[in-house]
Amino acid sequence: MATQFFSDEQMERLRSYPDIGREELIRFFTLTQKDLGFIDNLDRGGGRGPAARLGLAVQLCTLPWLGFVPDDIWAVPQAAVLRLANQLAVYPGMLEQYGRRAQTRSDHLKLVLKYLDWKPVPTRGETLKELEQFLLDRAMEHDSPSLLFHQAAEFLISARVVRPGVVTLMEMVATARTGAGALTSEKVDHLLTKPMRADLDRLLMHDPEIGATRLAWLTSPAVEATPTSIKLAIDKLMYLRALDAHLLDLSMLPRERRRFLATLGRRSTVQGLNRRGERRFPILLAVVAQSAVDQLDEVIALFDQAVSGRESHAKAKTDAALAERAKRGEARQLLMDVILPILVDPGVPDERVGGMLRERIGMDKLREVAAVRWKPLPRDHGRLAALEASYTYLRKFTPRVLATIDFQGGPGTADLMDAVAILEELNRTGGRKVPAEAPTSFVPARYADYLAKARKSGDDTAFRHYWELCTVLALRDGLRSGDVFVPGSRRYADPGTYLYTAEQWESKRAEFCQLVRKPADATDAIEQVKEEFHQALEDLEETLANASPNDVGAVRLDEAGRLVIPPLSAENIPAEAKELREELSGMLPFVPIASLLIELDARTKFLDCFIHAGGRKSKLSVEQKHNILTVLIAGATNLGLTRMSEACGVSYDTLAWTQEWYVREETLREANTVLVNHHYKLELAKKFGGGTMSSSDGQRFPVRGKSLTARDMNIHGGRVLSTYTHVSDQWSTYGTKQIVPTTREGHYTLDELLGNATDLPIHEHATDTHGATLVNFGLFDLVGKVLTPRMRDLGRITMLRVDTPAATNALYPHAGPLLADRWNEDLICECYPDLLRMGGSLKFGEATASLIVGKWSAASRQNTLAAALKEWGRMRRTIHAARYLSDPVYRRKISRQLNKGESLHAPRRDLHYAQQGTIVRPHLQDQTEQAWCLTILTNAVITWTTEYYGMAIKELRGQGREVPDELLSFIAPGHRENINFFGFIEVDIEAELAKLDDGWRPLRPTLVNESGTTFLINP
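Remember, predicted model here, so these are calculated numbers, not experimental data. (Residues numbered from 1 in each chain as written. Predicted model: local features only at pLDDT ≥ 70, side-chain atom pairs only at ≥ 80, totals over all residues. Heavy atoms only, no water.)

A. The overall build of the protein, seen in detail. Helix and strand counts for the protein stand at 44 helices and 18 strands. With the C-alpha coordinates of the protein rotated into their principal frame, the extents come out at 130 × 85 × 65 Å. Buried positions account for 52% of the 1019 residues belonging to the protein. When the accessible surface of the protein is split by element, carbon and sulfur atoms take 51% of a total near 47800 Å². (Helix = DSSP H or I, 4+ residues; strand = E, 2+ residues; numbered from the N terminus. Buried < 20%, exposed > 50% of the residue type's maximum accessible area, 1.4 Å probe, protein only. Areas by Shrake-Rupley, 256 points an atom, 1.4 Å probe, with all protein chains shown as cover.)

Here's what the structure looks like:
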């Protein structure tokens, strides 16, 4: 295993001083009185004056900061020198005279170690053993060598031990990774019986029956929900169960280790696994163990989608029939316009009514209308009858699904689970008649008449069909809500298992409450919310009281006391801001997208995040960087590897190998984090926003071919999927997720916010109406975030009060009548500990937000915790609505942020141009990786443009131009006209870097005319 995983340049940086931020400067380079006394003792101990005092102070502050003191102590950041010199009252330049003898620096470091109670570099003994064990434990969790290096450095700092040299620590990391592999084999050795080894080896053999290896067969997901796909998925599940894969207990390995091994197994070739010898068996164990869970989830998901697809087909058929019925009913309605005036006219004798009608309408018309049979519609307008036409289709897979999957029910599902058991027995025995005692309480009221009519007429076949369809639909709905669950599943498990157990939560509750600033006691929490409620209502009361009914531009009450919410006027962007943006855009240099990425990597090193999936090394050659950039551009532009190979001259096989082993979701996320963090630190980015607010929105992309994630949507012109992105107030995209377009986007609003690994301190999040669910309002508050949606029909939502109507109206005469319902404090008191436990499970990563939101949004009314969460959400929605209505500045801030997110749709589409923007990759994993490629390139454009805008502003100010800071917030960095996404794509890293002047491209020149304004000189 390679021991050098850093480049020479990286190693040199690790040996020297990095840049220092303001917080680090204050934290580490502030001397206490005790520190000053220690330094002053140097003089009395034979020191050499100011230079020695300043040098000793630098060592004293550097050691806790870096964990070691660089040999080139004179390279300490100048800001740190100035700060120390000021505290010591010495001249900063004295540092140049310090420690010309290495022995002096060594002697001073020994004094510092003794004063700070630090240990020297470990070479033997207990300290070295602790470091080796720490590295081994971390290597069992993940295999990233660079991350292990930095974790080791942090461990040594916390243990007050001086960090060894870079080469020494890299060798220790390599040893730990080798040891982790050996320890993994040792821990799973008891599972690797002789039969199990034979079964695992058979995974790597070509099977003529399926035309591939079993490993490739198992790791190829379905692309459509059809009976054939479901049958194949069940075959895979049964094959895995025959291997006892569902019984494999790999809990002795850390979760991240299992994930790493499974990823390695899925990406490796058969030849590559065979070359690993005995080490292939732990990898294959992890693959089959994870596949057992994934395959179970896939069977259930395909069942759900296939049933829902037939239901949607029945709905479309019913809707078409209703439209046709409406057309036919038009003739009858027109007759009523003739008939009714005659019938209600008392001047027309009864004996003349018939004659007059026949005379006016005509017998032919009457006979024509009477010939059309007009039956009353059932309560569901005939949808279940339309679905019954798909009964044979559904029977192709539902019996086998019921026989294979162990469905279990939660509270309130006893009758449904009895029905499922009866149906499974009927399928097993070939029975045709549903027993008389079969339960029907789970059947919706809109379908009950079908069963009643069939039973009354003695039609056992019709009853069986309708009852079975209702059972299958109820089972599908129960899986979605969590009322029905499947042991061993991850996505369809008992919702209670997503949360911390009571015992696990006990030790975490205090930390969580402090983190999100929530009282642990329900009474205190309710009082805290009431205080917010009354403050928001006071502001709304003042707004409504001061607005007259004729004030058309203000939120007000009309004469009837109804709330009137006028549309928010368009934001007035100063003309000077528009002119400034045009001027800055004209100064930007022209650049191809590949050149832009090469230049940005030179400043950010984002390509270093792309480490091999096998963890073998992270040092990238120029050729590897070239290939990774090529794959990124191929994914983002939608060219694909074949066409990209033709466009850039790199072989398809090389690009495919690079994509398989380097470009995956975790490395793409890390690279994107580096770009976002770099952008966050730019001075101009701080003018766009503080990084504390974000928004999320979905963007539809057309799809070609079969894909489980795509849906036909007429409103978007065909088959599409949705990319859901989270955008900060600085225009950077920090989260990306591929979702089914018909799924409610609000289920995924909180995911990327909680998973935010960037430096952005996001606290507030804006959405359109899609995110404004009661569950989201509740969960956002419970995890210490603020949901600020722009809601459609805000005046129609139910707002809460905390007292009686009389008391509320007395306190708030104008706003009080708008509060239509009372907050259920008793329910909150009863469930508050569990609400905190749910919030903590999300905050600390025990549960995925989208799973929780989806399950609890669909939960039945009998679910008390779900009801309490929605009740908490109703109060948070009321507080938000009151603030939104009373503060136009607040409304405009939300609208501005949403516009930022939506404005990035255009540059994404411009980047995603090839194949008419149509996605052709069928699997979710591939689509997710492609979406992250697009996000990285979008952020690269934003970051590069922000950097050069900053340079242009600096140049204009250097020419004497006044560029007010207040205009800069209107300068959107989504400019892309000067970036070439098309044509022959040449990725020549060395040549592009050679073109840069001191790391930057020259701005396009401007001249100042007589009026004092600048204009562009065309190149």
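B. Examining a negative patch on the surface more closely. On the surface, a cluster of negative charge is made up of Asp521, Asp524, Glu527 and Glu531. Mapped onto the elements of the fold, Asp524 is located in helix H26 (residues 522-546). By relative accessible area, which is 45% here, Asp524 ends up partly exposed. (Patch = residues over 30% accessible without salt bridge, like charges linked within 9 Å, V, L, I, M, F, W, Y side chains within 5 Å. Salt bridge = Lys/Arg side-chain N within 4 Å of Asp/Glu carboxyl O. Lys, Arg positive; Asp, Glu negative; His and termini not counted. Charge placed at Lys NZ, Arg CZ, Asp CG, Glu CD.)

C. Region of the structure containing the environment of Arg177. Topologically, Arg177 is positioned in helix H9 (residues 166-188). Along the backbone, Arg177 and Asp143 are 34 residues apart, and their C-alpha atoms lie at a distance of 6.8 Å.

D. Representation of the packing of aromatic side chains. Applying the stated criterion to the full structure yields 17 aromatic pairs. Where Phe134 meets Phe155, the ring centres are 4.4 Å apart and the plane angle is 15 degrees; that geometry is what we call stacked. With Phe134 in helix H7 (residues 126-141) and Phe155 in helix H8 (residues 145-158), this pair connects stretches of sequence that are 21 residues apart. On the accessibility criterion, Phe134 (16% relative accessible area) is buried. A relative accessible area of 19% means that Phe155 is categorised as buried. Their ring planes at 85 degrees and their centres at 6.2 Å tell us that Tyr393 and Phe397 sit as a pair that is edge-to-face. Through a chain of ring-to-ring contacts, three or more aromatic side chains come together here, namely Phe303, Tyr393, Phe397 and Phe407. (Phe/Tyr/Trp six-rings, centres within 6.5 Å; stacked < 30°, edge-to-face > 60°.)

E. Structural detail: empty space enclosed by the protein. In total, this model carries three cavities of 30 Å³ or more according to the counting rule given. Roughly 60 Å³ of volume is contained in the largest cavity. If you go around the largest cavity, the residues you meet are Phe701, Thr723, Gln738, His912, Ile919, Gln927, Gln930, Ala931 and Leu934. There is about 40 Å³ of room inside the second largest cavity. Lining of the second largest cavity is provided by Val631, Gly635, Gln659, Val663, Arg921, Glu929 and Cys933. If you list the elements that add at least two residues to the lining of the second largest cavity, you get helix H29 (622-637) and helix H42 (924-958). For the lining of the second largest cavity, the per-class residue count stands at three nonpolar, two polar and two charged. (1 Å grid on protein atoms, 1.4 Å probe; cavity = no way out; pocket = protein on both sides within 12 Å on 5 of 7 lines; lining within 4 Å. Points joined across faces, edges and corners; volume = space filled by probe spheres on them. Nonpolar A, V, L, I, M, F, W, Y, C, P; charged D, E, K, R; others polar.)

F. Representation of the packing of H29 against H42 in the model. For the pair H29 and H42, interaxial distance at closest approach is 7 Å and the crossing angle is 100 degrees. For the element pair H29 / H42, the angle class is roughly perpendicular. Between H29 and H42, the residues in contact are Val631, Leu632, Ile633, Gly635 and Ala636 and Gln930, Cys933, Leu934, Ile936 and Leu937, respectively. For the contact of H29 with H42, the residue count by class is eight nonpolar, two polar and no charged. (Axes fitted to C-alpha atoms, helices over the stretch in contact; angles between N-to-C directions. Parallel < 35°, antiparallel > 145°, perpendicular 65-115°, else oblique. Contact = heavy atoms within 4.5 Å.)

G. View of H29. Its 16 residues place the ends of H29 22 Å apart at the C-alpha level, agreeing with the 22 Å of an ideal helix rising 1.5 Å per residue. Of all 16 residues in H29, 14 are buried, a share of seventy percent or more. Of the residues trailing H29, Asn638 is marked for its positive phi of about 70 degrees. (Expected span 1.5 Å × (residues − 1).)

H. Summary view of the nonpolar core. Counting residues in hydrophobic clusters, the biggest one holds 128 residues, and the most contacted among them are Phe606, Phe610 and Leu632. Of the residues forming this core, the biggest block, 14 residues, is contributed by H42. If near-sequence neighbours (up to four positions away) are discounted, Leu632 is found in contact with Phe606, Leu607, Phe610, Val663, Leu668, Cys933, Ile936 and Leu937. Of all hydrophobic cores here, the second largest spans 75 residues; its members include Val516, Val802, Val853 and Ala882. (Core = buried A, V, L, I, M, F, W, Y, C linked by side-chain atoms within 4.5 Å.)

I. Spatial organisation of the packing of helix H21 (residues 414-429) against helix H23 (residues 460-481). In the contact formed by H21 and H23, the axes pass within 10 Å of each other and the chain directions differ by 125 degrees. Judged by the inter-axis angle, H21 sits oblique to H23. Here the hand of the crossing between H21 and H23 comes out left-handed. Mapping the contact onto sequence places Leu416, Ala419, Val420, Ile422, Leu423, Leu426 and Asn427 in H21 and Arg464, Trp467, Glu468, Thr471, Val472, Ala474 and Leu475 in H23. (Left-handed = near helix turned anticlockwise from the far one by under 90°.)

J. Main features of the pattern of salt bridges. Scanning all chains against the criterion turns up 49 salt bridges. Residue Asp768 pairs with Arg790 through a salt bridge whose shortest N-O separation is 2.9 Å. Taken together, the residues Asp768 in the loop between strand E12 (764-766) and helix H35 (774-782) and Arg790 in the loop between strand E13 (786-787) and strand E14 (799-801) connect sequence positions 22 residues apart. Exposure remark for Asp768: the relative accessible area of 21% places this residue in the partly exposed category. When its relative accessible area of 23% is taken as the criterion, Arg790 is described as partly exposed. In this structure, a network of salt bridges that share partners links the residues Lys518, Glu532, Asp781, Arg876 and Arg883.

K. Representation of helix H6 (residues 102-116). With 15 residues, H6 should cover 21 Å at 1.5 Å per step; its first-to-last C-alpha distance of 21 Å lies within 8% of that length. Among the residues of H6, Arg105, His108, Val112, Leu113 and Leu116 are the ones counted as buried. Seen from one end, H6 has its buried residues packed into an arc of 145 degrees, which puts them on one side. Away from its buried face by more than 90 degrees, H6 exposes Lys110 and Lys114. Residue Asp117 follows H6 closely and has a positive phi angle near 60 degrees. (Arc of directions from axis to C-beta.)

L. View of the side chain of Glu541. Assignment of secondary structure puts Glu541 in helix H26. Arg801 is the oppositely charged side chain nearest to the buried, salt-bridge-free Glu541, at an N-O distance of 14 Å. Polar contacts involving the side chain of Glu541 include one to the side chain of His814, which spans 2.8 Å. Sequence-distant contacts of Glu541, defined by excluding residues within four places in its chain, comprise Tyr812, Pro813, His814 and Ala815. (Polar contact = N/O pair within 3.5 Å; in protein donor to acceptor, adjacent residues only side chain to side chain.)

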